[in-house]
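# Chains, contacts and geometry: an overview
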Amino acid sequence: MTRDHLDVTPAPDAPPNSQTLEWHEGDMPYSQEFGDHFYCREDGRLECGHVFLGGNGLPERWRTAGTFKIGELGFGTGLNFCETWRQWKAASVDGANLHFVSFERFPMRSGDIDRALSHWPEIDAERQALCAAWPDAPSGRIDLDLADGIRLTVVCGAAFDEIPGFSAIFDAWYLDGFAPRRNPDMWSQDLMRLVFGKTGEGGTFATYAAAGFVRRNLQGAGFTVERRPGFGSKREMLCGVKSTSRVAE
Ligand SMILES: C[S@@+](CC[C@H](N)C(=O)[O-])C[C@H]1O[C@@H](n2cnc3c(N)ncnc32)[C@H](O)[C@@H]1O
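Computed from a predicted structure; not experimentally measured.

## Thoughts on the nonpolar core
In terms of nonpolar packing, the biggest core is built from 59 residues, with Val 51, Cys 82, Trp 173, Val 195 and Phe 205 touching the most fellow members. Not counting residues up to four positions away in its chain, the partners in contact with Trp 173 are Gly 71, Val 195, Thr 199 and Phe 205.

## Observations regarding helix 7 (residues 212–221)
All of the buried residues in helix 7 are Val 214, Arg 215, Asn 217, Leu 218 and Ala 221. Projection of helix 7 onto a plane perpendicular to its axis shows the buried side chains occupying an angular sector of 165°, all on one side. On its buried face, helix 7 sits against helix 6 (189–197), strand 10 (224–229) and strand 11 (236–241). Positioned one or two residues after helix 7, Gly 222 has a phi angle of 130°, which is positive.

## Some thoughts on the site of the ligand
Around the ligand lies a shell of 22 residues, among which Gly 74, Gly 76, Thr 77, Leu 79 and Arg 105 are the nearest. Counting only elements with at least two residues in the shell around the ligand, the list comes to helix 2 (79–91) and strand 5 (96–104). Its residues assigned to classes, the shell around the ligand shows 10 nonpolar, eight polar and four charged.

## What to know about the sheet that holds strand 5
The eight strands are arranged 6-7-5-4-8-9-11-10 in an open sheet whose pairing can be described as mixed. One side of each edge strand has no neighbouring strand; the edge strands of this open sheet are strand 6 (141–147) and strand 10. Sheet twist, expressed as the mean angle between neighbouring strand axes with direction ignored, is 20°. Relative to strand 7 (residues 150–156), strand 6 is paired through six bridges, and the arrangement is antiparallel. The residue of strand 7 that forms the bridge with Ala 147 is Ile 150. Its contacts with the sheet place helix 1 (residues 44–55) against strand 8 (170–175), strand 9 (199–207), strand 10 and strand 11, and it is angled at close to 165° to strand 9.

## Some thoughts on the pairing of strand 1 (residues 21–24)
Pairing between strand 1 and strand 2 (residues 28–31): four bridges, direction antiparallel. In the strand pairing of strand 2, His 24 is matched with Met 28. The hairpin turn running from strand 1 into strand 2, its antiparallel successor, is three residues long, and Gly 26 in that turn takes a positive phi close to 80°.

## Comments concerning helix 3 (residues 110–117)
Those residues of helix 3 not exposed but buried are Ile 113, Ala 116 and Leu 117. Taken end-on, helix 3 shows its buried residues confined to a sector of 90°, consistent with a single buried face. Where helix 3 is buried, its residues meet strand 2, helix 2 and helix 4 (124–133).

## Description of the confidence of the model for the protein chain
When the pLDDT values of the protein chain are averaged, the result is 93; 93% of them are 70 or greater. Across residues 4–8, where pLDDT falls below 50, the model places four contacts with residues more than four positions away in sequence or in other chains.

## Notes on the sheet that holds strand 2
Pairing is antiparallel across the open sheet formed by three strands, whose spatial order is 1-2-3. The sheet terminates laterally at strand 1 and strand 3 (36–37), the two strands that pair on one side only.

## Some details on the packing of helix 6 against helix 7
Their axes nearest at 8 Å, the elements helix 6 and helix 7 cross at an angle of 45°. On the basis of the axis angle, helix 6 is oblique to helix 7. The crossing of helix 6 and helix 7 is right-handed. For the pair formed by helix 6 and helix 7, the contact residues are Gln 189, Met 192, Arg 193, Val 195 and Phe 196 on the first element and Asn 217, Leu 218, Gly 220 and Ala 221 on the second. Grouping the amino acids of the contact of helix 6 with helix 7 by side-chain chemistry returns five nonpolar, three polar and one charged.

## Points about the environment of Gly 177
Looking at where Gly 177 falls in the secondary structure, it is placed in the loop between strand 8 and helix 6. Expressed as a C-alpha distance, the spacing of Gly 177 and Glu 42, which sit 135 residues apart in the sequence, is 18 Å. The contact partners of Gly 177, leaving out residues within four places of it in the chain, are Leu 73, Gly 74, Asn 183, Met 186 and Trp 187.

## Here we look at the environment of Gln 128
Along the chain, Gln 128 falls in helix 4. Residue Gln 128 is classed as partly exposed on the basis of its 14 C-beta neighbours within 10 Å. Taking the C-alpha atoms as reference, Gln 128 lies 7.7 Å from Asp 114; in sequence the two are 14 residues apart.

## Focus on unusual backbone geometry
The linkage connecting Leu 58 with the following residue, Pro 59, adopts the cis geometry, with an omega of 5°. Turning to its location among the elements, Pro 59 is positioned in the loop between helix 1 and strand 4 (66–73). Even without a glycine there, the phi angle at Asp 27 is positive, about 55°. Tracing the backbone through its elements, the reader meets Asp 27 in the loop between strand 1 and strand 2. Notably, Phe 178 is not glycine yet its phi reads approximately 65°, a positive angle. Locating Phe 178 in the fold gives a position in the loop between strand 8 and helix 6. Residue Phe 178 is classed as buried on the basis of its 25 C-beta neighbours within 10 Å.

Rules and cut-offs
- Residues numbered from 1 in each chain as written.
- Predicted model: local features only at pLDDT ≥ 70, side-chain atom pairs only at ≥ 80, totals over all residues.
- Core = buried A, V, L, I, M, F, W, Y, C linked by C-beta atoms within 7 Å.
- Buried ≥ 20, exposed ≤ 12 C-beta atoms within 10 Å, placed from the backbone.
- Contact = placed C-beta atoms within 7 Å.
- Helix = DSSP H or I, 4+ residues; strand = E, 2+ residues; numbered from the N terminus.
- Arc of directions from axis to C-beta.
- Near = placed C-beta within 6 Å.
- Nonpolar A, V, L, I, M, F, W, Y, C, P; charged D, E, K, R; others polar.
- Pairing = 2+ DSSP bridges.
- Axes fitted to C-alpha atoms, helices over the stretch in contact; angles between N-to-C directions.
- pLDDT = per-residue confidence, 0-100.
- Parallel < 35°, antiparallel > 145°, perpendicular 65-115°, else oblique.
- Left-handed = near helix turned anticlockwise from the far one by under 90°.

Written out as structure tokens, the structure is:
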């Protein structure tokens, strides 16, 4: 299943070594190598709210002070980050900080991020702040303190290689690595095990993906997985929790 159900390009045999952008109608980026869009064509911002925030019980879980840590597989345009930041501001919890950490193999240029995100006036302020701070030649580990209590870290490299060395335990994960059939490496059981290992007790994940092998890999990694109605025309999505105290199924 591609992000928009237009399954016309053959799946790659091996993960590509580069990423070339095409721009489709509505300044919608599309990866030639992965044969997929970066978010759904209906409305990527609303999809983010439904799938990634809703699937992780956000913003409701932002009720307490301290640092809430979100991990993401696939930073792409930063749409998920900007929409999360917008909702975080609206929630305005005293004494709370957000650390959003994203693992991205092919970081985009600021001009491309700007072009894609300009589609949504709702996140103008977040887009401008992100693009102003984004490095000209993104590589390595990018740490940006974008506002009081808002830190963005983008770790450039393959998620499977970078996650083990990143010393944080996350409260919530956004699994957003192109359609599973297009990019099976981003949904492997080994990678899901790494994600599980970096999730705190009671921590959660959410994804628009609903493929059977993704669900099984997440369950095999240790998550309790739930199917929910997907966004727009998508029938299902997955979300789940790390609960090591549950009675064995
Ligand atoms: C669907 S897009 C993510 C969209 C993004 N979350 C947003 O808000 O725009 C998938 C992203 O995963 C990245 N990617 C693909 N394979 C990867 C890998 N093995 N490790 C890390 N990132 C990867 C791609 O470069 C792409 O940016």
